[in-house]
Amino acid sequence: MEERIQQLLKEVQEYTATSRDAVENFRLKFISKKGAIPELFDELKRVPAEEKKKVGKILNELKQSAEAKFAVLTSALESQVKDLSIPDLTLPTIPNKIGNLHPLTLTRNRIIEIFERLGFNVADGPEIEDDWHNFTALNFPENHPAREMQDTFFISKNPDVLLRTHTSNVQIRLMTHEKPPLRAIMPGRVYRNEAISARAHCFFHQVEGLYVDRNVGFVDLKQTLYHFAKEMFGKDIQIRFRPSFFPFTEPSAEIDITCLICKGTGCNVCKYSGWVEIAGSGMVHPNVLRNCNIDPEEFTGFAFGMGIERVAMLRYQINDLRLFSENDVRFLKQFHTVI
Ligand code: DAH
(Lines give C-alpha, C1' and ligand atoms only; values in the text may rest on other atoms or scores of the structure.)
Protein backbone atom coordinates (compact mmCIF):
# COMPACT_ATOMS: atom_id res chain seq x y z
CA MET A 1 0.00 0.00 0.00
CA GLU A 2 2.83 2.33 0.83
CA GLU A 3 4.19 1.81 -2.61
CA ARG A 4 0.87 2.73 -4.21
CA ILE A 5 0.69 5.89 -2.14
CA GLN A 6 4.20 6.90 -3.22
CA GLN A 7 3.29 6.18 -6.81
CA LEU A 8 0.16 8.37 -6.61
CA LEU A 9 2.11 11.16 -4.93
CA LYS A 10 4.48 11.18 -7.86
CA GLU A 11 1.57 11.30 -10.28
CA VAL A 12 -0.03 14.18 -8.40
CA GLN A 13 3.18 16.16 -8.48
CA GLU A 14 3.75 15.61 -12.15
CA TYR A 15 0.18 16.26 -13.25
CA THR A 16 -0.29 19.15 -15.65
CA ALA A 17 -3.62 20.52 -16.91
CA THR A 18 -4.39 23.38 -19.26
CA SER A 19 -8.06 22.69 -19.88
CA ARG A 20 -11.11 22.62 -17.70
CA ASP A 21 -11.59 18.90 -18.54
CA ALA A 22 -8.09 17.99 -17.49
CA VAL A 23 -8.54 19.70 -14.13
CA GLU A 24 -11.85 17.89 -13.67
CA ASN A 25 -10.16 14.57 -14.50
CA PHE A 26 -7.60 15.27 -11.82
CA ARG A 27 -10.36 15.82 -9.29
CA LEU A 28 -12.19 12.66 -10.31
CA LYS A 29 -9.09 10.54 -10.29
CA PHE A 30 -7.66 11.64 -6.94
CA ILE A 31 -9.99 13.56 -4.66
CA SER A 32 -13.62 12.87 -5.55
CA LYS A 33 -15.55 10.42 -3.37
CA LYS A 34 -14.81 7.60 -5.77
CA GLY A 35 -11.28 8.76 -6.41
CA ALA A 36 -8.05 7.02 -5.42
CA ILE A 37 -7.42 8.89 -2.18
CA PRO A 38 -10.80 8.26 -0.45
CA GLU A 39 -10.46 4.65 -1.57
CA LEU A 40 -7.11 4.40 0.19
CA PHE A 41 -8.62 5.87 3.32
CA ASP A 42 -11.14 3.01 3.20
CA GLU A 43 -8.34 0.53 2.85
CA LEU A 44 -6.51 2.15 5.76
CA LYS A 45 -9.17 0.75 8.08
CA ARG A 46 -7.96 -2.74 7.24
CA VAL A 47 -4.28 -2.00 7.72
CA PRO A 48 -2.78 -3.74 10.82
CA ALA A 49 -2.73 -1.42 13.82
CA GLU A 50 1.06 -1.22 14.11
CA GLU A 51 1.41 0.11 10.53
CA LYS A 52 -1.66 2.35 10.58
CA LYS A 53 0.12 5.37 11.98
CA LYS A 54 2.90 5.32 9.44
CA VAL A 55 0.67 4.62 6.41
CA GLY A 56 -1.92 7.12 7.65
CA LYS A 57 0.74 9.81 7.79
CA ILE A 58 1.88 9.41 4.21
CA LEU A 59 -1.68 9.02 3.05
CA ASN A 60 -2.51 12.36 4.68
CA GLU A 61 0.46 13.89 2.94
CA LEU A 62 -0.85 12.60 -0.36
CA LYS A 63 -4.30 14.03 0.37
CA GLN A 64 -2.91 17.47 1.23
CA SER A 65 -0.64 17.45 -1.72
CA ALA A 66 -3.53 16.54 -4.09
CA GLU A 67 -5.76 19.25 -2.67
CA ALA A 68 -3.04 21.87 -2.96
CA LYS A 69 -2.37 20.81 -6.53
CA PHE A 70 -6.08 21.00 -7.36
CA ALA A 71 -6.20 24.56 -6.02
CA VAL A 72 -3.19 25.54 -8.12
CA LEU A 73 -4.61 23.98 -11.28
CA THR A 74 -7.97 25.67 -10.78
CA SER A 75 -6.58 29.13 -10.23
CA ALA A 76 -4.22 28.80 -13.22
CA LEU A 77 -7.20 27.89 -15.33
CA GLU A 78 -9.21 30.84 -14.08
CA SER A 79 -6.56 33.38 -14.88
CA GLN A 80 -6.20 31.83 -18.33
CA VAL A 81 -9.94 32.12 -18.93
CA LYS A 82 -9.90 35.71 -17.72
CA ASP A 83 -7.33 36.67 -20.36
CA LEU A 84 -9.51 35.29 -23.12
CA SER A 85 -12.75 36.63 -21.79
CA ILE A 86 -14.66 39.66 -23.17
CA PRO A 87 -13.40 43.01 -21.82
CA ASP A 88 -15.51 45.35 -19.77
CA LEU A 89 -18.82 45.55 -21.64
CA THR A 90 -19.59 48.99 -20.28
CA LEU A 91 -16.61 50.54 -22.10
CA PRO A 92 -17.45 52.62 -25.20
CA THR A 93 -16.74 50.82 -28.47
CA ILE A 94 -13.71 51.59 -30.58
CA PRO A 95 -15.16 53.48 -33.56
CA ASN A 96 -14.83 51.81 -36.95
CA LYS A 97 -12.71 53.66 -39.45
CA ILE A 98 -15.17 54.29 -42.24
CA GLY A 99 -13.08 56.74 -44.22
CA ASN A 100 -14.18 60.25 -45.06
CA LEU A 101 -15.30 62.31 -47.98
CA HIS A 102 -12.72 63.95 -50.22
CA PRO A 103 -12.10 67.64 -49.43
CA LEU A 104 -13.33 68.56 -52.91
CA THR A 105 -16.56 66.64 -52.31
CA LEU A 106 -17.00 68.35 -48.96
CA THR A 107 -16.45 71.74 -50.57
CA ARG A 108 -18.76 70.98 -53.48
CA ASN A 109 -21.46 69.86 -51.04
CA ARG A 110 -21.09 73.08 -49.06
CA ILE A 111 -21.33 75.19 -52.23
CA ILE A 112 -24.47 73.31 -53.28
CA GLU A 113 -25.96 73.78 -49.83
CA ILE A 114 -25.48 77.56 -49.95
CA PHE A 115 -26.99 77.94 -53.42
CA GLU A 116 -29.83 75.53 -52.77
CA ARG A 117 -30.96 77.83 -49.98
CA LEU A 118 -31.17 80.61 -52.55
CA GLY A 119 -33.45 78.47 -54.68
CA PHE A 120 -30.89 77.06 -57.15
CA ASN A 121 -31.35 73.51 -58.48
CA VAL A 122 -28.47 71.18 -59.26
CA ALA A 123 -27.98 70.21 -62.92
CA ASP A 124 -25.52 67.90 -64.62
CA GLY A 125 -23.99 67.53 -68.08
CA PRO A 126 -21.48 65.37 -69.99
CA GLU A 127 -17.70 65.57 -69.68
CA ILE A 128 -17.24 64.43 -73.26
CA GLU A 129 -18.74 67.25 -75.25
CA ASP A 130 -19.15 68.58 -78.77
CA ASP A 131 -17.95 71.89 -80.12
CA TRP A 132 -21.42 73.44 -80.12
CA HIS A 133 -22.07 73.09 -76.39
CA ASN A 134 -18.53 73.80 -75.25
CA PHE A 135 -17.75 76.69 -77.62
CA THR A 136 -20.00 77.75 -80.47
CA ALA A 137 -23.27 78.17 -78.59
CA LEU A 138 -21.33 80.07 -75.94
CA ASN A 139 -20.48 82.69 -78.52
CA PHE A 140 -16.89 81.63 -79.17
CA PRO A 141 -16.44 82.67 -82.81
CA GLU A 142 -14.99 80.04 -85.16
CA ASN A 143 -11.18 80.19 -85.31
CA HIS A 144 -11.22 82.92 -82.73
CA PRO A 145 -8.26 83.12 -80.33
CA ALA A 146 -10.72 82.97 -77.43
CA ARG A 147 -10.83 79.23 -78.00
CA GLU A 148 -7.16 79.13 -77.20
CA MET A 149 -7.87 80.57 -73.77
CA GLN A 150 -8.85 77.04 -72.91
CA ASP A 151 -6.21 74.53 -74.00
CA THR A 152 -8.57 71.86 -75.19
CA PHE A 153 -8.09 68.10 -75.16
CA PHE A 154 -9.66 66.67 -78.30
CA ILE A 155 -10.80 63.07 -78.05
CA SER A 156 -10.00 62.01 -81.57
CA LYS A 157 -8.91 63.55 -84.83
CA ASN A 158 -12.45 64.85 -85.06
CA PRO A 159 -12.31 68.36 -83.53
CA ASP A 160 -15.98 68.14 -82.79
CA VAL A 161 -15.40 65.74 -79.89
CA LEU A 162 -13.56 67.08 -76.87
CA LEU A 163 -13.24 66.95 -73.11
CA ARG A 164 -15.18 69.91 -71.82
CA THR A 165 -12.93 72.77 -70.79
CA HIS A 166 -15.51 74.28 -68.45
CA THR A 167 -18.90 73.53 -66.97
CA SER A 168 -20.49 76.29 -69.08
CA ASN A 169 -21.58 73.57 -71.51
CA VAL A 170 -24.31 72.65 -69.03
CA GLN A 171 -25.74 76.19 -69.27
CA ILE A 172 -26.41 75.56 -72.95
CA ARG A 173 -27.97 72.16 -72.36
CA LEU A 174 -30.16 73.54 -69.62
CA MET A 175 -31.34 76.63 -71.53
CA THR A 176 -32.03 74.52 -74.60
CA HIS A 177 -34.16 71.99 -72.76
CA GLU A 178 -35.88 74.13 -70.17
CA LYS A 179 -37.47 77.52 -70.37
CA PRO A 180 -36.93 80.43 -67.97
CA PRO A 181 -37.17 81.14 -65.13
CA LEU A 182 -34.02 79.07 -64.57
CA ARG A 183 -31.91 78.99 -61.48
CA ALA A 184 -29.32 76.24 -61.35
CA ILE A 185 -25.82 75.33 -60.32
CA MET A 186 -23.85 72.75 -62.24
CA PRO A 187 -20.89 71.13 -60.52
CA GLY A 188 -18.49 68.92 -62.46
CA ARG A 189 -15.04 68.01 -63.67
CA VAL A 190 -13.31 69.85 -66.50
CA TYR A 191 -10.12 69.24 -68.48
CA ARG A 192 -7.40 71.46 -69.93
CA ASN A 193 -4.11 70.75 -71.56
CA GLU A 194 -2.04 72.56 -68.95
CA ALA A 195 1.28 71.79 -67.32
CA ILE A 196 0.72 70.40 -63.82
CA SER A 197 1.95 72.65 -61.01
CA ALA A 198 0.96 73.80 -57.52
CA ARG A 199 -1.58 76.16 -59.14
CA ALA A 200 -2.75 74.33 -62.26
CA HIS A 201 -3.78 70.82 -63.28
CA CYS A 202 -4.94 69.10 -66.42
CA PHE A 203 -8.23 68.32 -64.70
CA PHE A 204 -10.06 70.23 -62.04
CA HIS A 205 -13.58 71.04 -60.89
CA GLN A 206 -15.97 73.90 -61.38
CA VAL A 207 -19.43 74.90 -60.32
CA GLU A 208 -21.34 76.77 -62.95
CA GLY A 209 -24.17 79.04 -61.88
CA LEU A 210 -26.99 80.36 -64.03
CA TYR A 211 -29.97 82.57 -63.29
CA VAL A 212 -32.25 83.55 -66.17
CA ASP A 213 -35.52 85.37 -65.66
CA ARG A 214 -37.20 88.68 -66.43
CA ASN A 215 -35.34 91.68 -65.01
CA VAL A 216 -32.24 89.91 -63.75
CA GLY A 217 -29.51 92.50 -63.38
CA PHE A 218 -25.85 92.80 -62.45
CA VAL A 219 -26.86 93.73 -58.92
CA ASP A 220 -28.39 90.25 -58.54
CA LEU A 221 -25.12 88.69 -59.59
CA LYS A 222 -23.16 90.81 -57.13
CA GLN A 223 -25.47 90.21 -54.21
CA THR A 224 -25.66 86.48 -54.88
CA LEU A 225 -21.90 86.12 -54.90
CA TYR A 226 -21.39 88.43 -51.92
CA HIS A 227 -23.80 86.27 -50.01
CA PHE A 228 -22.03 83.13 -51.15
CA ALA A 229 -18.59 84.40 -50.12
CA LYS A 230 -19.76 85.38 -46.67
CA GLU A 231 -21.53 82.06 -46.11
CA MET A 232 -18.53 80.11 -47.33
CA PHE A 233 -15.68 82.05 -45.73
CA GLY A 234 -17.24 84.11 -42.96
CA LYS A 235 -18.43 87.67 -42.54
CA ASP A 236 -14.99 89.27 -42.57
CA ILE A 237 -14.10 88.12 -46.06
CA GLN A 238 -13.48 90.81 -48.68
CA ILE A 239 -14.65 90.31 -52.22
CA ARG A 240 -13.97 92.33 -55.36
CA PHE A 241 -15.23 92.29 -58.96
CA ARG A 242 -12.64 92.96 -61.63
CA PRO A 243 -13.72 93.79 -65.23
CA SER A 244 -12.83 90.94 -67.55
CA PHE A 245 -13.75 89.26 -70.81
CA PHE A 246 -15.60 86.07 -71.63
CA PRO A 247 -17.28 85.50 -75.00
CA PHE A 248 -20.47 84.28 -73.32
CA THR A 249 -21.03 87.22 -70.95
CA GLU A 250 -21.31 90.97 -71.36
CA PRO A 251 -20.31 92.70 -69.19
CA SER A 252 -17.94 90.20 -67.58
CA ALA A 253 -16.12 90.23 -64.28
CA GLU A 254 -13.68 88.09 -62.39
CA ILE A 255 -14.30 87.63 -58.71
CA ASP A 256 -11.47 87.76 -56.19
CA ILE A 257 -11.51 87.22 -52.46
CA THR A 258 -8.81 88.02 -49.91
CA CYS A 259 -6.23 85.26 -49.68
CA LEU A 260 -7.01 83.23 -46.58
CA ILE A 261 -3.79 81.28 -46.78
CA CYS A 262 -1.42 84.21 -46.18
CA LYS A 263 -4.06 86.67 -44.91
CA GLY A 264 -2.95 89.13 -47.55
CA THR A 265 0.77 89.07 -46.78
CA GLY A 266 1.60 87.24 -50.01
CA CYS A 267 2.07 83.56 -50.88
CA ASN A 268 2.35 81.26 -53.90
CA VAL A 269 -1.41 80.71 -54.06
CA CYS A 270 -2.28 84.42 -54.44
CA LYS A 271 0.88 85.09 -56.46
CA TYR A 272 1.92 87.55 -53.74
CA SER A 273 -1.05 89.82 -54.49
CA GLY A 274 -3.18 89.12 -51.42
CA TRP A 275 -6.18 88.29 -53.66
CA VAL A 276 -7.30 84.96 -55.13
CA GLU A 277 -9.58 84.63 -58.11
CA ILE A 278 -12.36 82.18 -57.36
CA ALA A 279 -14.75 82.70 -60.28
CA GLY A 280 -15.52 84.26 -63.62
CA SER A 281 -18.94 85.81 -64.07
CA GLY A 282 -21.11 88.17 -66.05
CA MET A 283 -24.46 88.88 -67.65
CA VAL A 284 -25.37 86.16 -70.13
CA HIS A 285 -24.59 87.42 -73.66
CA PRO A 286 -27.72 87.95 -75.81
CA ASN A 287 -26.21 85.70 -78.50
CA VAL A 288 -26.03 82.84 -76.00
CA LEU A 289 -29.68 83.28 -75.08
CA ARG A 290 -30.58 83.37 -78.76
CA ASN A 291 -28.58 80.19 -79.43
CA CYS A 292 -30.82 78.48 -76.91
CA ASN A 293 -34.03 79.96 -78.29
CA ILE A 294 -34.53 82.36 -75.44
CA ASP A 295 -35.56 85.88 -76.37
CA PRO A 296 -33.00 88.36 -74.96
CA GLU A 297 -35.58 91.13 -75.20
CA GLU A 298 -37.71 89.30 -72.69
CA PHE A 299 -35.18 87.55 -70.49
CA THR A 300 -31.81 88.42 -69.02
CA GLY A 301 -29.54 86.38 -66.83
CA PHE A 302 -26.30 86.16 -64.97
CA ALA A 303 -23.81 83.32 -64.91
CA PHE A 304 -20.67 82.40 -63.08
CA GLY A 305 -18.11 79.63 -63.08
CA MET A 306 -16.29 78.89 -59.86
CA GLY A 307 -13.19 76.75 -59.28
CA ILE A 308 -13.89 74.19 -56.55
CA GLU A 309 -10.18 73.55 -55.96
CA ARG A 310 -9.61 77.26 -55.38
CA VAL A 311 -12.43 77.44 -52.87
CA ALA A 312 -11.19 74.28 -51.12
CA MET A 313 -7.63 75.62 -50.98
CA LEU A 314 -8.81 78.77 -49.25
CA ARG A 315 -11.23 76.92 -47.05
CA TYR A 316 -8.67 74.44 -45.77
CA GLN A 317 -5.51 76.48 -46.29
CA ILE A 318 -3.98 74.11 -48.82
CA ASN A 319 -1.19 75.57 -50.90
CA ASP A 320 -0.71 72.89 -53.55
CA LEU A 321 -3.42 71.81 -55.96
CA ARG A 322 -1.71 68.51 -56.70
CA LEU A 323 -2.54 67.20 -53.21
CA PHE A 324 -6.17 66.80 -54.26
CA SER A 325 -5.40 64.15 -56.85
CA GLU A 326 -2.44 62.32 -55.31
CA ASN A 327 -4.65 60.37 -52.90
CA ASP A 328 -2.12 60.36 -50.11
CA VAL A 329 -4.04 58.96 -47.16
CA ARG A 330 -2.11 61.18 -44.74
CA PHE A 331 -3.62 64.16 -46.55
CA LEU A 332 -7.10 62.74 -47.09
CA LYS A 333 -7.70 61.57 -43.55
CA GLN A 334 -7.41 65.11 -42.20
CA PHE A 335 -10.85 65.99 -43.51
CA HIS A 336 -13.35 64.72 -41.01
CA THR A 337 -16.72 63.81 -42.29
CA VAL A 338 -19.73 64.46 -40.16
CA ILE A 339 -22.36 61.96 -41.18
N1 DAH B 1 -16.18 79.17 -68.15
C2 DAH B 1 -15.24 80.11 -67.56
C3 DAH B 1 -13.90 79.44 -67.38
O4 DAH B 1 -13.86 78.27 -67.28
C5 DAH B 1 -15.73 80.60 -66.26
C6 DAH B 1 -16.94 81.43 -66.41
C7 DAH B 1 -16.83 82.77 -66.60
C8 DAH B 1 -18.19 80.87 -66.36
C9 DAH B 1 -17.91 83.59 -66.71
C10 DAH B 1 -19.32 81.67 -66.48
C11 DAH B 1 -19.16 83.03 -66.66
O12 DAH B 1 -20.54 81.18 -66.42
O13 DAH B 1 -20.26 83.81 -66.77
O14 DAH B 1 -12.91 80.09 -67.30
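Please read these numbers as outputs of a predicted model, since none were measured by experiment.

**Q** Whenever I open this one, the packing of aromatic side chains confuses me. Can you help?
**A** Each pair of aromatic rings is reported with the distance of its centres and the angle of its planes. For the structure on display, the rule yields 17 aromatic pairs. Each ring, one from Phe135 and one from Phe140, has its centre 5.0 Å from the other, and the planes form 75°; the classification is edge-to-face. For the pair Phe135 and Phe140, one class covers both residues: buried. Measuring from centroid to centroid gives 5.1 Å for Phe331 and Phe335, while their planes differ by 70°, and the two rings are edge-to-face. Phe331 sits in the buried class, given a relative accessible area of 9%. Through successive ring pairs, a cluster of aromatic residues spans Phe115, Phe120, Tyr211, Phe228, Phe302 and Phe304. Sitting over the face of the ring of Phe241, Lys222 holds its NZ or CZ atom 5.8 Å from the ring centroid.

**Q** Whenever I open this one, the site of the ligand confuses me. Can you help?
**A** Taken together, 16 residues lie near the ligand, and His166, Ser168, Arg192, Gln206 and Glu208 sit nearest. Gln171 places a side-chain nitrogen or oxygen 3.1 Å from an oxygen atom of the ligand. The side chain of Arg192 places a nitrogen or oxygen atom 2.7 Å from an oxygen atom of the ligand.

**Q** Please explain the sheet that holds strand S6 (residues 239-246) as it appears in this structure.
**A** Within a beta sheet, neighbouring strands are joined by backbone hydrogen bonds and run either parallel or antiparallel to one another. Spatially, seven strands are ordered S1-S4-S5-S9-S8-S7-S6 in an open sheet, and the strand pairing comes out mixed. This sheet does not close on itself; its edge strands, each paired only once, are strand S1 (121-122) and S6. Sheet analysis places strand S4 (residues 182-191) next to strand S5 (residues 203-213), joined by 10 bridges and oriented antiparallel. Residue Met186 lies in a different strand from S5, and its bridge partner there is Glu208.

**Q** Help me understand unusual backbone geometry in this model?
**A** Trans is the prevailing form of peptide bonds, just as negative phi is the prevailing case for residues other than glycine. Look at the link from Pro180 to Pro181: it is a cis peptide, with omega at 5°. Omega for the bond connecting Glu250 with Pro251 falls within 30 degrees of zero, at -5°, which places this linkage in the cis form. Its place among the elements puts Pro251 in strand S7 (residues 249-258). In this model, Asn215 sits at a positive phi of 60°, which is unusual for a non-glycine residue. Turning to its location among the elements, Asn215 is positioned in the loop between S5 and helix H8 (218-233). According to the relative accessible area criterion, Asn215 is exposed, its value standing at 74%. Despite not being glycine, Gln317 shows a phi value in the positive range, around 55°. Judged by relative accessible area, Gln317 falls into the partly exposed class, the value being 45%.

**Q** Is there a simple way to explain H8 in this structure?
**A** Along an α-helix, a turn takes 3.6 residues, which lines up residues three or four apart on a common side. Between its first and last C-alpha, H8 extends 22 Å over 16 residues, near the 22 Å set by a 1.5 Å rise per residue. Where H8 is concerned, the buried positions are Leu221, Thr224, Leu225, Phe228, Ala229, Met232 and Phe233. Seen from one end, H8 has its buried residues packed into an arc of 130°, which puts them on one side. Check the buried side of H8 and you find it contacts helix H5 (103-117), S6, S7, strand S8 (275-284), strand S9 (300-307) and helix H10 (308-316). Looking one or two places after H8, you find Gly234, whose phi comes out positive at around 105°.

**Q** Can you walk me through the side chain of Asn169 in this structure?
**A** Structurally, Asn169 is set in helix H7 (residues 168-177). A relative accessible area of 0% places Asn169 in the buried class. Residue contacts for Asn169: discarding those within four places in its chain leaves Pro126, Glu129, His133, Asn134, Leu138 and Arg164.

**Q** Whenever I open this one, the packing of helix H2 (residues 20-31) against helix H3 (residues 36-44) confuses me. Can you help?
**A** The relative placement of two packed helices comes down to the angle between their axes together with the axis-to-axis distance. Remark: H2 packs on H3, axes separated minimally by 4 Å, with the N-to-C direction vectors making an angle of 5°. In terms of orientation, H2 and H3 fall into the roughly parallel class. Residues Lys29, Phe30 and Ile31 of H2 form the contact with H3, whose participating residues are Ala36, Ile37 and Pro38. Looking at the contact of H2 with H3 residue by residue, the class counts come to five nonpolar, no polar and one charged.

**Q** Would you explain the domain arrangement of the chain in this entry?
**A** Where interface size is quoted, it is often the accessible area lost as the parts come together. By the assigned domains, the chain splits into domain 1 (2-84) and domain 2 (103-332). When each unit is reduced to the centre of its C-alpha atoms, the spacing between domain 1 and domain 2 is 88 Å.

**Q** Quick question: what am I supposed to make of the nonpolar core here?
**A** Side chains of nonpolar character tend, in soluble globular proteins, to be buried together. By size, the foremost hydrophobic cluster in this structure holds 47 residues, and its most contacted members are Phe115, Ile278 and Met306. Here Phe115 is in contact with Phe120, Ile185, Thr224, Leu225, Phe228, Phe304 and Met306, once residues within four sequence places are set aside.

**Q** Teacher, can you tell me more about the environment of Asn268 here?
**A** Among the secondary structure elements, Asn268 is positioned in the loop between S7 and S8. Note: C-alpha distance between Asn268 and Ala198 (70 residues apart in sequence) is 8.4 Å. When near neighbours in sequence (up to four residues on either side) are disregarded, Asn268 contacts Ala198, Arg199 and Asn319. Here Asn319 takes part through its backbone oxygen, which lies 3.4 Å from a polar atom of the side chain of Asn268.

Calculation rules
- Residues numbered from 1 in each chain as written.
- Predicted model: local features only at pLDDT ≥ 70, side-chain atom pairs only at ≥ 80, totals over all residues.
- Heavy atoms only, no water.
- Phe/Tyr/Trp six-rings, centres within 6.5 Å; stacked < 30°, edge-to-face > 60°.
- Buried < 20%, exposed > 50% of the residue type's maximum accessible area, 1.4 Å probe, protein only.
- Lys NZ or Arg CZ within 6 Å of the ring centre and 35° of its normal.
- Near = heavy atom within 4 Å.
- Polar contact = N/O pair within 3.5 Å; in protein donor to acceptor, adjacent residues only side chain to side chain.
- Pairing = 2+ DSSP bridges.
- Helix = DSSP H or I, 4+ residues; strand = E, 2+ residues; numbered from the N terminus.
- Expected span 1.5 Å × (residues − 1).
- Arc of directions from axis to C-beta.
- Contact = heavy atoms within 4.5 Å.
- Axes fitted to C-alpha atoms, helices over the stretch in contact; angles between N-to-C directions.
- Parallel < 35°, antiparallel > 145°, perpendicular 65-115°, else oblique.
- Nonpolar A, V, L, I, M, F, W, Y, C, P; charged D, E, K, R; others polar.
- Domains from an automatic or database assignment.
- Core = buried A, V, L, I, M, F, W, Y, C linked by side-chain atoms within 4.5 Å.

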